[in-house]
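Spelled out from the first residue to the last, the chains are:
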Amino acid sequence: MDILEDMRTAVVVSFAFLFAACAPRRPPESTPGTRIPDSVPEGEAAQRAATPGLQLEDDDARWGVEGAKERKRLREEQKAADAKKKAAHGPDAEPKMTAPVEPATPPAP
């Protein structure tokens, strides 16, 4: 009976190792100092600082980047002002447009 007990012990130990090997892992704990992604202006400034020899300001002036940014800002301000104006007057403030209607003609006798 000694061999039978040794086999049982070996099977139990094997199953214990198999169970431990197949057990799901705990998810990794998030670190408290996770980095917040940079905003677009911060990323742009970091890229410009990292590449000083490319004369990026000259390229911006050539292609009108600053002018485009200013036009975009003005468009967004205008949209915000229009939305504010529309909200102040209510949804019925604008006239409702309808398709033209043909005049009614009497039936021919």
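Scope of this entry: the structure provided in the associated data block. No experiment lies behind these values; they were computed from the predicted model shown.

**Let's talk about the pattern of salt bridges**
Then step 1. Counted by the stated rule, this structure contains 3 salt bridges.
Then step 2. The salt bridge involving Glu 77 is made with Arg 73; its shortest N-O contact spans 2.4 Å. Of this pair, Glu 77 and Arg 73 are both found in helix 4 (residues 65–89), 4 residues apart, which corresponds to roughly one turn of the helix.
Then step 3. Its relative accessible area of 42% is what places Glu 77 among the partly exposed residues.
Then step 4. Among the residues examined, Arg 73 registers a relative accessible area of 36% and is labelled partly exposed.

**Examining a nonpolar patch on the surface**
Then step 1. Where nonpolar side chains cluster on the molecular surface, the patch consists of Val 11, Phe 15 and Leu 18 and spans about 300 Å² of accessible area.
Then step 2. Within the element layout of this structure, Phe 15 appears in helix 1 (residues 2–22).

**Comments concerning the environment of Arg 73**
Then step 1. Polar contacts involving the side chain of Arg 73 include one to the side chain of Glu 70, which spans 2.3 Å.
Then step 2. Polar side-chain contacts of Arg 73 include one of 2.4 Å to the side chain of Glu 77.

**Some details on the environment of Glu 42**
Then step 1. Tracing the sequence through the fold places Glu 42 in helix 2 (residues 40–50).
Then step 2. Judged by its relative accessible area of 47%, Glu 42 falls in the partly exposed class.
Then step 3. Reaching out from Glu 42, the side chain makes a polar contact with the backbone nitrogen of Ser 39 at a distance of 3.1 Å.

**Some remarks on a positive patch on the surface**
Then step 1. Together, Arg 71, Lys 72, Arg 75 and Lys 79 give the surface a local cluster of positive charge.
Then step 2. The topology assignment puts Lys 79 in helix 4.
Then step 3. Lys 79 sits in the exposed class, given a relative accessible area of 62%.

Basis of the calculations
Residues numbered from 1 in each chain as written. Predicted model: local features only at pLDDT ≥ 70, side-chain atom pairs only at ≥ 80, totals over all residues. Heavy atoms only, no water. Salt bridge = Lys/Arg side-chain N within 4 Å of Asp/Glu carboxyl O. Helix = DSSP H or I, 4+ residues; strand = E, 2+ residues; numbered from the N terminus. Buried < 20%, exposed > 50% of the residue type's maximum accessible area, 1.4 Å probe, protein only. Patch = residues over 30% accessible without salt bridge, like charges linked within 9 Å, V, L, I, M, F, W, Y side chains within 5 Å. Areas by Shrake-Rupley, 256 points an atom, 1.4 Å probe, with all protein chains shown as cover. Polar contact = N/O pair within 3.5 Å; in protein donor to acceptor, adjacent residues only side chain to side chain. Lys, Arg positive; Asp, Glu negative; His and termini not counted. Charge placed at Lys NZ, Arg CZ, Asp CG, Glu CD.

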